[in-house]
Amino acid sequence: MSMSALLSALRGASRPNLSASIVSAKKATFSHVLRIEGYTQVRKMVPNGKGVRSSTFAVGGHDWRIKCYPNGSAGHDGYISLYLEHASHAKTVDAMVTFW
């Protein structure tokens, strides 16, 4: 039911003093490419638990970075670990990310 139809129905039910609000989440879609030149060499130089960061990029009014652990984050040796970091520290946000 649309908002106007709902308000009309409520006014018809003897509720003339009404107000309404709509809360809507804005969805922002973006792609960022993180390319690590000389990945094999970087992997040899950066130990497990140490990472490298992408440059900052903006999506949906927030600043972000990708943190890459070429030899895995602590406790995950032998894997590559990727994390999305929220770089706009004064704001909070929920985000969903897919790495591929």
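Small disclaimer: the values here were computed from a predicted structure and weren't measured.

A. Spotlight on the pattern of salt bridges. A full pass over the atoms with the stated rule returns 3 salt bridges. Among the ionic pairs, Arg-53 bridges to Glu-85, the shortest N-O distance being 2.7 Å. Of this pair, Arg-53 sits in strand S1 (residues 52-53) while Glu-85 sits in strand S4 (residues 81-86), placing them 32 residues apart in sequence. Glu-85 sits in the buried class, given a relative accessible area of 17%. Through salt bridges with shared partners, a single network forms among Arg-53, Arg-65 and Glu-85.

B. Structural view of the packing of aromatic side chains. All told, the structure shown has 2 aromatic pairs when counted by the stated rule. For the ring pair Phe-30 and Phe-57, a centre distance of 5.9 Å and an interplane angle of 10 degrees mean the geometry is stacked. One end of the pair, Phe-30, is in the loop between helix H1 (3-12) and helix H2 (39-45); the other, Phe-57, is in strand S2 (residues 57-59), and 27 residues separate them in sequence. Arranged with centres 5.7 Å apart and planes meeting at 90 degrees, the rings of Tyr-69 and Tyr-83 form a pair that is edge-to-face. Of this pair, Tyr-69 sits in strand S3 (residues 62-69) while Tyr-83 sits in strand S4, placing them 14 residues apart in sequence. Classification of Tyr-69 as buried rests on a relative accessible area of 13%. Using a relative accessible area of 39% as the deciding quantity, one classes Tyr-83 as partly exposed.

C. Layout of the side chain of His-62. With respect to the helices, strands and loops of the structure, His-62 is situated in strand S3. A residue is classified by how much of its surface remains accessible, and His-62, at 12% relative accessible area, is buried. A polar contact is formed between the side chain of His-62 and the side chain of His-86, at a distance of 3.0 Å. If sequence neighbours within four positions are ignored, His-62 has contacts with Phe-57, His-86, Ser-88, Lys-91, Thr-92 and Val-93.

D. Structural context of the environment of Gly-78. Along the chain, Gly-78 falls in the loop between S3 and S4. Taking the C-alpha atoms as reference, Gly-78 lies 8.1 Å from Asn-48; in sequence the two are 30 residues apart.

E. Summary view of the environment of Ser-73. For Ser-73, a relative accessible area of 8% puts it in the buried group. Each C-alpha atom, one on Ser-73 and one on Pro-47, is 9.3 Å from the other, the two residues being 26 residues apart in sequence.

Definitions and cut-offs
Residues numbered from 1 in each chain as written. Predicted model: local features only at pLDDT ≥ 70, side-chain atom pairs only at ≥ 80, totals over all residues. Heavy atoms only, no water. Salt bridge = Lys/Arg side-chain N within 4 Å of Asp/Glu carboxyl O. Helix = DSSP H or I, 4+ residues; strand = E, 2+ residues; numbered from the N terminus. Buried < 20%, exposed > 50% of the residue type's maximum accessible area, 1.4 Å probe, protein only. Phe/Tyr/Trp six-rings, centres within 6.5 Å; stacked < 30°, edge-to-face > 60°. Polar contact = N/O pair within 3.5 Å; in protein donor to acceptor, adjacent residues only side chain to side chain. Contact = heavy atoms within 4.5 Å.

These figures capture arrangement, not role.
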